[in-house]
Amino acid sequence: MTDVLHLLRTGTAEEHESLERTLDLLDPDLDRSRLAGVLTRMHGFWRAAETALDDWAARFPDDADDVTWSARRRAGLFAADLDALGAASVEAMPALPPVTDTDDALGRLYVLEGSTLGGTFIDRHLAALPTLAGVQLRAFSPYGSETGAMWHAFRRFTRHRVADGGDADAMLSAATGTFRALAAWCAPAECAV
């Protein structure tokens, strides 16, 4: 039996790469304006994703507690980062499908939580850009030194879920859909706010 995390990683590789190309946050010429545009779109996406996950958490509170959902929220951090850049957040959000069950939630969370791993690289890159000197951002690596521990806890819960009868294919479908929705929402024409 294939490990669910391996399935998620390999099954979403194409969508993950597409999203990275769309965001292009490691661009050496990334400027404040484009970064603010990307963060604006990401803020809207996280708000929509978190709203759907809050609805799931209300229906499946034990699972939400076990995956420490309340500690994984980041929409507020994106808003604070926009403020740090001197950019206003907007109310626009994509229309995302509801989160139907815990397998669906874990697929969506795979994308949201996985972004914290890449976020550490993004933070280092942004810190080296002269146009962002003195700007402190938090949304890309919200857990600081606890990033590895938070990812490990998510992986452990996801593996246990599958071992207890969870649907790995449903998780993969939700993760793929989340990657695609985020890439579409942050397409270059849209991110040039």
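Residues numbered from 1 in each chain as written. Predicted model: local features only at pLDDT ≥ 70, side-chain atom pairs only at ≥ 80, totals over all residues. Heavy atoms only, no water.

S.K.: Explain the overall build of the protein here, please?
M.R.: Each helix and strand in the protein was counted, giving 9 helices and 0 strands. Against the globule reference of 16 Å for 193 residues, the protein gives a C-alpha radius of gyration of 16 Å, in line with a compact fold. By its C-alpha atoms, the protein is 50 × 30 × 30 Å across when sized along the principal axes. Looking at the protein residue by residue over its 193 residues, the buried ones come to 49%. Taking as baseline every contact in the protein between residues at least 6 positions apart, the subset at least 24 positions apart corresponds to 83%. Only carbon and sulfur atoms are counted for the fraction: they give 53% of the accessible area of the protein, which is about 9300 Å². For the protein, the distance from the average site of its 18 positive side-chain charges to the average site of its 29 negative ones is 2 Å. (Helix = DSSP H or I, 4+ residues; strand = E, 2+ residues; numbered from the N terminus. Rg over C-alpha atoms; globule rule 2.2 N^0.38 Å. Buried < 20%, exposed > 50% of the residue type's maximum accessible area, 1.4 Å probe, protein only. Contact = heavy atoms within 4.5 Å. Areas by Shrake-Rupley, 256 points an atom, 1.4 Å probe, with all protein chains shown as cover. Lys, Arg positive; Asp, Glu negative; His and termini not counted. Charge placed at Lys NZ, Arg CZ, Asp CG, Glu CD.)

S.K.: What is the right way to look at the packing of helix H1 (residues 4-11) against helix H8 (residues 168-185) in this model?
M.R.: When two helices pack together, their arrangement is given by the angle between their axes and by how far apart the axes lie. The contact between H1 and H8 brings their axes to 10 Å, and the two run at 30°. Relative to H8, H1 is oriented so that their crossing is right-handed. Side by side, H1 and H8 meet where Val-4, Leu-7, Leu-8 and Gly-11 of the first sit next to Ala-168, Asp-169, Met-171, Leu-172, Ala-175 and Thr-176 of the second. Here the residues of the contact of H1 with H8 sort into 7 nonpolar, 2 polar and 1 charged. (Axes fitted to C-alpha atoms, helices over the stretch in contact; angles between N-to-C directions. Left-handed = near helix turned anticlockwise from the far one by under 90°. Nonpolar A, V, L, I, M, F, W, Y, C, P; charged D, E, K, R; others polar.)

S.K.: Help me out: how do you make sense of helix H2 (residues 13-23) in this one?
M.R.: Those residues of H2 lying buried are Glu-15, Leu-19, Thr-22 and Leu-23. Angular distribution of buried residues about the axis of H2 spans 90°; they occupy a single face of the element. Among the exposed residues of H2, those oriented more than 90 degrees off its buried face are Glu-14 and Arg-21. Positioned one or two residues after H2, Asp-24 has a phi angle of 50°, which is positive. (Arc of directions from axis to C-beta.)

S.K.: Just to check I follow, could you spell out the side chain of Arg-72 for this structure?
M.R.: Considering the arrangement of structural elements, one finds Arg-72 in the loop between helix H4 (61-66) and helix H5 (75-84). Since its relative accessible area comes to 3%, Arg-72 is described here as buried. Here Glu-113 takes part through its side chain, which lies 2.5 Å from a polar atom of the side chain of Arg-72. The residues contacting Arg-72, other than those within four sequence positions of it, are Glu-50, Val-67, Glu-113, Tyr-143, Met-150, Ala-153 and Phe-154. (Polar contact = N/O pair within 3.5 Å; in protein donor to acceptor, adjacent residues only side chain to side chain.)

S.K.: How do you make sense of the pattern of salt bridges when you look at a structure like this?
M.R.: Where side chains of opposite charge bring their charged atoms close, a pairing between them can arise. Applying the stated criterion to the full structure yields 8 salt bridges. Its salt-bridge partner being Arg-73, residue Glu-50 comes within 3.5 Å of it at the nearest N-O pair. One end of the pair, Glu-50, is in helix H3 (residues 32-59); the other, Arg-73, is in the loop between H4 and H5, and 23 residues separate them in sequence. A relative accessible area of 3% means that Glu-50 is categorised as buried. Among the residues examined, Arg-73 registers a relative accessible area of 35% and is labelled partly exposed. Note that Asp-63 is salt-bridged to Arg-161, the shortest N-O span being 3.7 Å. (Salt bridge = Lys/Arg side-chain N within 4 Å of Asp/Glu carboxyl O.)

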